[in-house]
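# A structural walkthrough
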Amino acid sequence: MADEKPPVVAEKTLHPTSICNSTTSISRTLRSIKPAHYLFRVESVSVLLNTDIEKYESGSFKVGGYRWRLCLYPNGNKKSGGEDHISLYLEISDAQKLPVGWEVTVNFKLFVFNHIHEKYLTVQDADGKVRDFNVMKSRCGFAQFLSLDVLKDPCNGYLMDDSCIFGAEVFVIKYSGKGECLSMIKDPDDGTFTWVIENFSTLNEEVLYSETFTIKEIKWHLSLYPKGNGKVKNKSLCLFLELADCETLHHQRKLYMEFELLIKDQCNDENVEPSHVKSNAKVWFCDSNKEWGFADMVSLSDLNDKSKDFLLNDSLIVEAKILLMMHSKNI
């Protein structure tokens, strides 16, 4: 039967962090993915542990617009409770070049490779805690990063041929100055557009376009096929709501709309309830879906039926009403 791999040190412990002067919950987990930003291999570890070298600062590496380095205390940072441990810190290395009052907010992870499990022990502040680096606090890390007893015991897998591999992963959190505000607008004040088409019976155009109208910074127009189009040619009037300028939509955005298209019954008899032709739609508009409407909005036979009053003095009245609109703007 194959030998079982020994357990790794406890996943969660509670240690004082030397630089931040507070007691912080620390998470310890295993992962197979290599650290994204820096690897630091230390050879002849047994020799290093028997020298008077208090600390070693690694070469610098750049992440998030800043230069960083690792600071290793082979026998622990004793001033901060790191006795009998390796202490490991992340330090900003170009602090003297940064402007007065600088501050960098960071979420970071430090690593040590376990050769037996072939995974990295990942040490980080628990619960997604972030650290603020500034002129008074240019480094943060873990005074009790790894017990020396655990490190030295070959059964634990952190030493291989007297070498050990550390690593770092740094995520700089900074506001990019970009954002948006999303709102759902019901019955917007400028949400109704009326289009009067005169001399309707003399129209020869296959398609008509209304003037452009704007609703919450988005430009629209109506398109109308007086004698139908495609399969309903010479059968029905077609009516569509169409984006007039896709550039008014943010790149790769979609716009949700609930709207009503209407052919108005122009009956002037107050005693008769008008019989408008209405059709409703719920649609996502985008670059690839610029228009939506109804190919069979009203049959031509009904449209030309003088008893139904859709045409009055050879004029047709079309209306678009926005019932609900998703509106997004930059902030």
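Quantities reported herein were computed from a predicted structural model and do not represent experimental measurements.

Procedures and definitions
- Residues numbered from 1 in each chain as written.
- Predicted model: local features only at pLDDT ≥ 70, side-chain atom pairs only at ≥ 80, totals over all residues.
- Heavy atoms only, no water.
- Helix = DSSP H or I, 4+ residues; strand = E, 2+ residues; numbered from the N terminus.
- Buried < 20%, exposed > 50% of the residue type's maximum accessible area, 1.4 Å probe, protein only.
- Contact = heavy atoms within 4.5 Å.
- UniProt positions renumbered as here; feature names shortened; annotations may be inferred.
- Salt bridge = Lys/Arg side-chain N within 4 Å of Asp/Glu carboxyl O.
- Phe/Tyr/Trp six-rings, centres within 6.5 Å; stacked < 30°, edge-to-face > 60°.

Let us look at the side chain of serine 58. Note that serine 58 resides in the loop between strand 4 (56-57) and strand 5 (61-63). Given the relative accessible area of 7%, serine 58 is considered buried. Residues within four places of serine 58 in sequence aside, it is in contact with Tyr38, Arg69 and Leu70.

Take the UniProt feature "domain: MATH" (unreviewed entry) in the protein chain next. Cross-referencing UniProt, the feature "domain: MATH" (unreviewed entry) maps to residues 35-170 and 190-322 in the present numbering. The span residues 35-170 is 7% helix and 48% strand, and its two end C-alpha atoms sit 9 Å from each other.

The subject of this paragraph is the environment of valine 150. When you line up the elements, valine 150 lands in helix 2 (residues 148-152). Each C-alpha atom of the pair valine 150 and histidine 85 lies 9.0 Å from the other, and the pair is 65 residues apart in sequence.

A word on unusual backbone geometry. Although it is not a glycine, glutamate 118 adopts a positive phi angle of roughly 55 degrees. Mapped onto the elements of the fold, glutamate 118 is located in the loop between strand 8 (103-114) and strand 9 (119-125). Phi angles above zero are rare outside glycine, and aspartate 162 is one such case at about 65 degrees. By the element assignment, aspartate 162 lies in the loop between helix 2 and strand 12 (164-173).

Attention now goes to the pattern of salt bridges. Counted by the stated rule, this structure contains seven salt bridges. Ionic pairing is found between glutamate 57 and lysine 55, a salt bridge with its closest N-O pair at 3.7 Å. Note on glutamate 57: relative accessible area 33%, which makes it partly exposed. One salt-bridge network, held together by shared partners, links Lys55, Glu57, Arg69 and Glu91.

To continue, consider the packing of aromatic side chains. Per the counting criterion, the structure on display carries 16 aromatic pairs. An angle of 80 degrees between the planes, with centres 5.2 Å apart, marks the rings of tryptophan 68 and phenylalanine 133 as edge-to-face. With tryptophan 68 in strand 6 (residues 66-73) and phenylalanine 133 in strand 10 (residues 131-134), this residue pair connects regions lying 65 residues apart in the sequence. Accessibility expressed as a relative area gives 0% for tryptophan 68, which makes it buried. Arranged with centres 4.7 Å apart and planes meeting at 55 degrees, the rings of phenylalanine 113 and tyrosine 120 form a pair that is tilted.

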